[in-house]
Amino acid sequence: MNFRRIVLIGIPYFWLLALFLVPFGIVLKIALSDTAVAIPPYVPKLDLAGGWAALVDFVSQLDFENFAFLATDDLYWKAYLSSLRIATISTFFTLLVGFPIAYGMSRASGEWRPTLMMLIILPFWTSFLIRVYAWVGILNTEGLLNQFLLGLGLINEPLILLNTNIAVYIGIVYTYLPFMILPIYATLERLDDSLNEAAEDLGCTRFQAFWLVTVPLSKNGVIAGCFLVFIPAIGEFVIPALLGGSKTLMIGKVLWEEFFSNRDWPVASAVAVILLLILVVPIVLFQRNEQRQREAEG
Amino acid sequence: MRRFTWFNATSLTLGFAFLYLPMIILVVYSFNASKLVTVWAGFSTKWYGELFRNEAFLDAAWVTLRVAVISSTLATVLGTLAAYVLVRAGRFRGRTLFSGMIYAPLVMPEVITGLSLLLLFIAIGLDRGVTTIVLAHTTFSMCYVSVVVSSRLASFDRSLEEAALDLGCTPFDAFRSVTLPVIAPAVISGWLLAFTLSLDDLVIASFTSGPSATTLPIKIWSSIRLGVSPEINALSTILIGIVATGVISASLISKRAALQRERDLHKAVRT
């Protein structure tokens with residue numbers, strides 16, 4: 001290995017080690033520490049100057065107390081379950097909204113498709129925070145949606161939407177929609193139309209051909225899209241904090257409050273560690289799916 | 001022949017209405033004369049005036065812009081380097097860990113990234129401020145840059161580089177005069193992606209900023225927690241306008257460049 005190669009690999013490697021891996025080590029360490037009224041608010045602190053004896057002493061003081069605390073307090077496991085539930089429901093609705101859009105895009109004429117594509121990506125570049133905020137004014141009790149529905153006479157009294165789980169679902173569907181549409185569109189666009197024509201020639205109605213040919217063949221895009229919405233939705237903070245109510249339990253919000261309001265760093269760190277462990281499952285499944293797809297194509 | 005049915009037309013119309021109406025409403029109500037966001041009281045640009053007189057917002061905008069420019073530039077350099085290592089460096093010890101560290105931040109919840117970086121900064125005694133936000137943003141956006149650049153590098157014909165080396169270029173010259181021009185579009189879009197990620201970030205910036213440095217998203221956050229305000233609508237409109245102009249003009253420029261290439265090709269074939 002020559003010197004240039006070492007420098008080339010070393011710079012990004014060192015950066016990621018120092019600012020990505022080491023911080024996780026610290027989170028793990030603090031998750032195993034005790035809360036203390038001090039700055040920083042946890043013990044024990046590692047003192048490298050103390051040598052081997054100090055290290056042994058340090059390790060012997062670590063314990064799983066915080067994890068035991070998470071298991072005994074209802075709040076935490078309810079928040080994890082509720083995050084998974086909210087993410088699942090929102091993913092389902094994102095699919096329901098996204099699939100027809102992706103399908104419509106794949107049917108549009110070739111000259112229109114790049115424009116449609118840009119229109120899907122454009123919101124993705126605009127601030128996430130602003131896109132969530134836009135819904136506050138719409139879903140309010142005196143908001144535009146209620147004014148509209150009242151004006152049409154569809155409802156007699158305003159619906160309470162803001163600060164409920166429904167608002168959180170709407171927020172997630174709205175902000176993550178491009179993640180669902182793009183992979184589905186990518187698979188639908190490549191579909192061979194003669195397959196549908198063959199199905200129709202063989203006696204299928206147009207809907208049967210769609211259901212029996214197009215939908216199964218779009219499976220890979222649907223799976224990829226669902227994971228791309230589900231994974232980030234679990235740890236979401238901004239949407240439940242802004243659109244959800246006090247009853248909306250999501251683990252990202254719990255972690256934030258544990259850290260900023262309760263100032264309990266060890267518990268916040270333990271919450272983060274468990275959240276990561278939960279996320280490993282869908283991430284591994286997602287990567288397996290991608291791998292299979294690549295192998296099928298290659 | 002693909003059929004474009006009524007169902008397709010309806011779902012596209014409704015879909016795009018869903019995507020764009022909330023933002024259009026936001027923009028329209030930024031010109032509302034009333035302080036109440038839900039009551040229309042005539043056209044006015046007074047909230048824009050208020051916005052530009054608000055020192056706190058201007059300071060935050062300046063901090064955000066500085067952080068975004070520095071961190072996206074650093075992230076582009078590091079991310080391109082990382083992409084080069086991933087695609088070109090072959091096997092080396094710890095390669096799996098390296099590619100893991102590139103891909104993991106993309107799926108990491110922001111609250112965890114923010115928390116872990118903050119704990120690091122405190123552990124090493126770094127004062128929280130512009131520097132720490134820049135370090136944090138550089139770290140997560142370099143991963144996005146390297147994904148964008150490495151997909152371009154992977155599809156690039158390596159024999160061109162080898163030819164340059166055979167003709168006497170140093171590896172650095174070959175990179176600068178052959179590889180870089182080819183991957184330049186990916187590097188530029190990587191920079192833009194890093195820039196918008198940094199402009200947009202609330203969670204990681206909240207963890208890693210100190211009292212000395214407030215970014216625009218943090219400022220927006222603290223004022224919208226109190227409810228809808230027309231000033232924030234005005235600010236949002238400006239931000240949406242900048243992004244829309246940027247994205248649309250970028251796509252027009254690349255479309256024109258593609259057309260130009262095609263025309264040149266035709267000319268070359270004819271002569």
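In this report, the structure presented in the accompanying data block is examined. Keep in mind that this is a model prediction, so the values were computed, not measured. (Residues numbered from 1 in each chain as written. Chains lettered and ligands numbered in written order. Predicted model: local features only at pLDDT ≥ 70, side-chain atom pairs only at ≥ 80, totals over all residues.)

Turning next to the overall build of chain B. Assigned secondary structure in chain B consists of 11 helices and 0 strands. Moving toward the C terminus, one meets the helices and strands of chain B in the order α-α-α-α-α-α-α-α-α-α-α. Taking 271 residues into account, the globule formula puts the C-alpha radius of gyration at 18 Å, and chain B, at 23 Å, lies well above it. Along the longest, intermediate and shortest principal axes, the C-alpha atoms of chain B span 70 × 60 × 35 Å. Taken across its 271 residues, chain B has 39% of its residues classed as buried. Summarising the internal contacts of chain B: among those between residues at least 6 apart in sequence, 78% fall at separations of at least 24. (Helix = DSSP H or I, 4+ residues; strand = E, 2+ residues; numbered from the N terminus. Rg over C-alpha atoms; globule rule 2.2 N^0.38 Å. Buried ≥ 20, exposed ≤ 12 C-beta atoms within 10 Å, placed from the backbone. Contact = placed C-beta atoms within 7 Å.)

Counting 144 residues, the largest nonpolar core has Ala102, Trp135, Ile181, Val238, Leu255 and Val271 of chain A together with Leu115 of chain B as the members making the most contacts within it. Considering every element that reaches this core, the biggest residue donor is helix α8 (residues 165–189) of chain A, with 16 residues. Setting aside residues up to four positions removed in sequence, Ala102 of chain A forms contacts with Ile181, Ile184, Tyr185 and Leu188 of chain A. (Core = buried A, V, L, I, M, F, W, Y, C linked by C-beta atoms within 7 Å.)

Contact with chain A, which involves 62 residues of that partner, is made by 56 residues of chain B. For the side of chain A that touches chain B, the secondary structure elements donating two or more residues are α1 (3–31), α4 (74–107), α5 (113–125), α6 (128–139), α7 (144–152), α12 (238–243), α13 (251–260) and α14 (265–297) of chain A. Among the elements that make up the side of chain A that touches chain B, the one with the highest residue count is α1 of chain A (16 residues). Looking at the side of chain A that touches chain B residue by residue, the class counts come to 50 nonpolar, 9 polar and 3 charged. (Nonpolar A, V, L, I, M, F, W, Y, C, P; charged D, E, K, R; others polar.)

A few words on the environment of Arg292 of chain A. Mapped onto the elements, Arg292 of chain A comes out in helix α14. With 72 residues separating them in the primary sequence, Arg292 of chain A and Asn220 of chain A have C-alpha atoms 9.5 Å apart.

Bringing the environment of Val215 of chain A into the picture now. Structurally, the position occupied by Val215 of chain A is in helix α10 (residues 206–217). For the pair Val215 of chain A and Leu188 of chain A, spaced 27 residues apart in the sequence, the C-alpha separation amounts to 9.0 Å.

Residue and element names in this part refer to chain A. For Asn163, which is not glycine, the phi dihedral falls at a positive 65°. Within the element layout of this structure, Asn163 appears in the loop between α7 and α8. Among the residues examined, Asn163 registers 19 C-beta atoms within 10 Å and is labelled partly exposed. The backbone of Arg263 sits at a positive phi, close to 55°, despite the residue not being glycine. Turning to its location among the elements, Arg263 is positioned in the loop between α13 and α14. Looking at Arg263, the number of C-beta atoms within 10 Å reads 12, which means it is exposed.

Turning our eyes to something else, we now look at the environment of Ile138 of chain A. Mapped onto the elements of the fold, Ile138 of chain A is located in helix α6. Taking the C-alpha atoms as reference points, Ile138 of chain A and Val173 of chain A, 35 residues apart in sequence, are found 15 Å from one another. In contact with Ile138 of chain A, not counting residues within four places along its chain, are Gly143, Leu144 and Leu145 of chain A together with Pro22 and Ile25 of chain B.

Packed helices, taken two at a time, are described by the angle between their axes plus the distance between the axes. Residues and elements named next belong to chain B. Interaxial distance between helix α1 (residues 6–29) and helix α11 (residues 230–270) falls to 8 Å at its minimum, and their mutual angle equals 120°. Relative to α11, α1 is oriented oblique. Once α1 is placed against α11, the crossing between them reads as left-handed. From α1, Met23, Leu26, Val27 and Tyr29 reach across to α11, where they touch Pro230, Asn233, Ser236, Thr237 and Ile240. Class assignment of the residues belonging to the contact of α1 with α11 gives a composition of 6 nonpolar, 3 polar and no charged. (Axes fitted to C-alpha atoms, helices over the stretch in contact; angles between N-to-C directions. Parallel < 35°, antiparallel > 145°, perpendicular 65-115°, else oblique. Left-handed = near helix turned anticlockwise from the far one by under 90°.)

Now for α6 of chain A. Residues and elements named next belong to chain A. With 12 residues, α6 should cover 16 Å at 1.5 Å per step; its first-to-last C-alpha distance of 17 Å lies within 8% of that length. The buried fraction of α6 is high, at 11 of 12 residues. Of the residues making up α6, those classed as buried are Leu129, Ile130, Arg131, Val132, Tyr133, Ala134, Trp135, Val136, Gly137, Ile138 and Leu139. (Expected span 1.5 Å × (residues − 1).)

In short, the description is geometric, and any link to function would need to be established separately.
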